[in-house]
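# Examination of the molecular architecture
Chain by chain, the residues:
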Amino acid sequence: MSDPAGSRRPRVLFVSNLYPNPRQPTRGIFNRQTVRALSEHLDVRVLAAVPWYPLSRAMNGIPERTDDDGVPVRFVRAFYTPFVLRNRHGKFFRNAIRSAVLDIRKSFPFDLLYGSWVYPDGYGVTLLARELGLPCVLHALGSDIHIYLEHPRRRKKVVAALSAADHVVCVSDYIRSSVAGTGVPASKLSVVYDGVDGELFKPADAERARRKLGLAVRGRIILYVGNLTRIKGPGVLVEALSGLEASSDEPVHLVMVGQGPLAGALRAQVGRLGLHDRVTFAGARPHEEIPDWMSAADVLCLSSLDEGLPNVVLEALASGRPVVASDVGGLSEVIHSDALGLLVPPGNPKALADALGEALKREWDPARLARRAAPFSWAEHGLRISRILTDVAVSAGTDATRALENTET
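Nothing here was measured: the structure is a model prediction, and the numbers come from that model. (Residues numbered from 1 in each chain as written. Predicted model: local features only at pLDDT ≥ 70, side-chain atom pairs only at ≥ 80, totals over all residues. Heavy atoms only, no water.)

Helix and strand counts for the protein come out as 16 helices and 14 strands. Relative to the compact-globule value of 22 Å for 409 residues, the protein shows a C-alpha radius of gyration of 22 Å, a close match. Structurally, the protein occupies a C-alpha span of about 75 × 45 × 40 Å along its principal axes. Per-residue burial for the protein yields a buried fraction of 56% across its 409 residues. Carbon and sulfur atoms make up 49% of the accessible area of the protein, which totals about 17,600 Å². Side chains of the protein give 50 positive and 44 negative charges; the mean places of these two sets differ by 7 Å. (Helix = DSSP H or I, 4+ residues; strand = E, 2+ residues; numbered from the N terminus. Rg over C-alpha atoms; globule rule 2.2 N^0.38 Å. Buried < 20%, exposed > 50% of the residue type's maximum accessible area, 1.4 Å probe, protein only. Areas by Shrake-Rupley, 256 points an atom, 1.4 Å probe, with all protein chains shown as cover. Lys, Arg positive; Asp, Glu negative; His and termini not counted. Charge placed at Lys NZ, Arg CZ, Asp CG, Glu CD.)

In structure tokens form, the structure reads like this:
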């Protein structure tokens, strides 16, 4: 039998509820990019859990198995209870994926489990890793840390998952500091920033992009890209737009790319504020189309109330577009100069309107903005995480070997 972390590439089972599927092709697109980058260095399989509750149609149209650019993906439904019993969701998640995990091991005796999103996903992954005698690594993304840590019952589960993991990858230094604050040793923590596809996202002609998308060539465009959820603060942005002065020569238009539970409320807000002719709801768009929306815009606005380090910021910079955003999470680690964008306190429409007004008046250097994003590549991202996973597999040593032997006998 081969050494699980020596003479061959480590085998990794990636587990998360955040992964694209036929019903939600943009869900967790960053995780797909991570998996693709990892597959250059490791043997990877994906177990994607689709959140489900009785009478929901979450799994309709989703196959049990598929192939994603050569990486096998298996979908399972993960039962959860909306709004209640959230402190039990970790065990629900473990129960949902356990049968599939055991089945996958029969043909793919993986060396470790890699869970993206600490709770409930990571908690369930650590329970299974302990049962199987295998190591696990968790990826902390944002709200799974600093929002959930504020809830006493969920905090216990989050801390338990972080403590049980062999290593924790953090999407920003801000997240690393939050995780360290729970008592997790620094030696178990690494910061690995997400990447950006430099072939897709690069400075391009705005007028050409606007014509392609059917947008008005004249005027200024503020772009929002993200889920229409409370934590993303889209309502704050709409309110800020109402306080943003615009001349007849330079009309200011907001384009919102994304979908989510607040879509109806946002449309109603736009109506109340008399902004029908200044806001376009573009809905969810394929990831390959986002570069055109970036190129068409004058500025990207991220009005989040909380974040880890959203990839859309890196994509905007790579596209040569400045960013106006809430000063939350790891944003200041990227937007560290007013030559790149402007940061404002979260949840403050007046401050956001002022910053947007200033950004729309300034001359920006697209080449300088793009250079800031250049170090953030998916190739580097995948290489760094693959080294972490390999080190964990090597360190697991005897336990991992014993687990594989038990599987093969």
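What follows continues from the structure just given.
Within the fold, arginine 372 resides in helix α14 (residues 366-373). In this structure, arginine 372 is buried with no salt-bridge partner, the nearest side chain bearing the opposite charge being glutamate 333 at 8.0 Å. A polar contact is formed between the side chain of arginine 372 and the backbone oxygen of valine 334, at a distance of 3.1 Å. (Salt bridge = Lys/Arg side-chain N within 4 Å of Asp/Glu carboxyl O. Polar contact = N/O pair within 3.5 Å; in protein donor to acceptor, adjacent residues only side chain to side chain.)

The subject of this paragraph is the sheet that holds strand β4 (residues 71-79). The strand order across the open sheet formed by eight strands is β3-β4-β2-β1-β5-β6-β7-β8, and the pairing between neighbours is mixed. Taken across any chain shown, the strands that pair with only one partner, and hence form the sheet edges, are β3 (65-68) and β8 (189-191). Across this sheet, the average inter-strand angle for adjacent strands is 25°, counted without regard to direction. Contacts from helix α6 (residues 173-180) reach β6 (136-140), β7 (167-170) and β8, with the element oriented near 165° to β8. (Pairing = 2+ DSSP bridges. Axes fitted to C-alpha atoms, helices over the stretch in contact; angles between N-to-C directions. Contact = heavy atoms within 4.5 Å.)

Moving on: the pairing of strand β13 (residues 323-326). Across three bridges, strand β12 (residues 299-302) lies against β13 in parallel orientation. Bridge pairing in β13 links cysteine 301 to valine 324. Taken together, β12, helix α11 (residues 311-318) and β13 form a β-α-β motif whose crossover is right-handed. Pairing analysis gives four bridges linking β13 to strand β14 (residues 341-344), with the strands arranged parallel. Within the sheet, the bridge partner assigned to serine 326 lies in β14 and is valine 344. (Right-handed = clockwise from strand over helix to strand, strands pointing away.)

Let us now look at the sheet that holds β13. Read across the sheet, six strands follow the order β11-β10-β9-β12-β13-β14 without closing on themselves; strand pairing throughout is parallel. In the strand order of this sheet, the two ends are held by β11 (279-283) and β14, each with one partner. The mean angle between the axes of side-by-side strands here comes to 20°, regardless of whether they run parallel or antiparallel. As paired elements, strand β10 (residues 252-257) and β11 share four bridges and run parallel to each other. Its bridge partner lying in β11, methionine 256 is registered against phenylalanine 281.

Here we come to the environment of alanine 351. Turning to its location among the elements, alanine 351 is positioned in helix α13 (residues 349-361). For alanine 351 and lysine 212, which are 139 residues apart along the polypeptide, the C-alpha to C-alpha distance reads 33 Å.

This part is about the packing of aromatic side chains. Scanning the model with the defined rule gives six aromatic pairs in all. A centroid spacing of 5.6 Å and a plane angle of 85° characterise the contact between tyrosine 193 and phenylalanine 376, whose relative ring orientation is edge-to-face. With tyrosine 193 in the loop between β8 and α7 (206-213) and phenylalanine 376 in the loop between α14 and α15 (378-396), this pair connects stretches of sequence that are 183 residues apart. A relative accessible area of 9% places phenylalanine 376 in the buried class. Taken together, the ring pairs in this structure connect Trp117, Tyr119, Tyr123 and Tyr148 into an aromatic cluster. The ring of phenylalanine 108 carries the charged tip of arginine 45 above its face, separated from the ring centre by 4.2 Å. (Phe/Tyr/Trp six-rings, centres within 6.5 Å; stacked < 30°, edge-to-face > 60°. Lys NZ or Arg CZ within 6 Å of the ring centre and 35° of its normal.)

This part is about the packing of α11 against α14. Between α11 and α14, whose axes approach to 6 Å, the crossing angle comes to 140°. As far as their axial angle goes, α14 and α11 are oblique. Where α11 approaches α14, its residues Leu314, Leu317 and Ala318 are matched on the opposing element by Leu369, Ala370, Arg372 and Ala373. A class-by-class count of the residues in the contact of α11 with α14 yields six nonpolar, no polar and one charged. (Parallel < 35°, antiparallel > 145°, perpendicular 65-115°, else oblique. Nonpolar A, V, L, I, M, F, W, Y, C, P; charged D, E, K, R; others polar.)

Taken residue by residue, helix α9 (residues 263-272) has Leu266, Gln269 and Val270 as its buried positions. For α9, the angular spread of the buried residues around the axis is 100°, confining them to a single face. Along α9, exposed side chains directed more than 90 degrees from the buried face belong to Gly264 and Arg272. Phi turns positive, to about 65°, at glycine 274, one or two residues after α9. (Arc of directions from axis to C-beta.)

Before going further, it helps to examine helix α1 (residues 29-38). Owing to its 3.6 residues per turn, the α-helix brings residues three or four apart onto one side. When you tally the buried positions in α1, you get eight out of ten residues, the bulk of the element. Burial in α1 covers these residues: Ile29, Asn31, Arg32, Gln33, Thr34, Val35, Ala37 and Leu38.

A few words on the environment of leucine 305. Along the chain, leucine 305 falls in the loop between β12 and α11. As for leucine 305 and proline 109, which are separated by 196 residues in sequence, their C-alpha atoms are 41 Å apart. Contact partners of leucine 305, with chain neighbours within four places excluded, come to Arg230, Ile231, Lys232, Gly233, Val236, Val328, Pro346 and Gly347.

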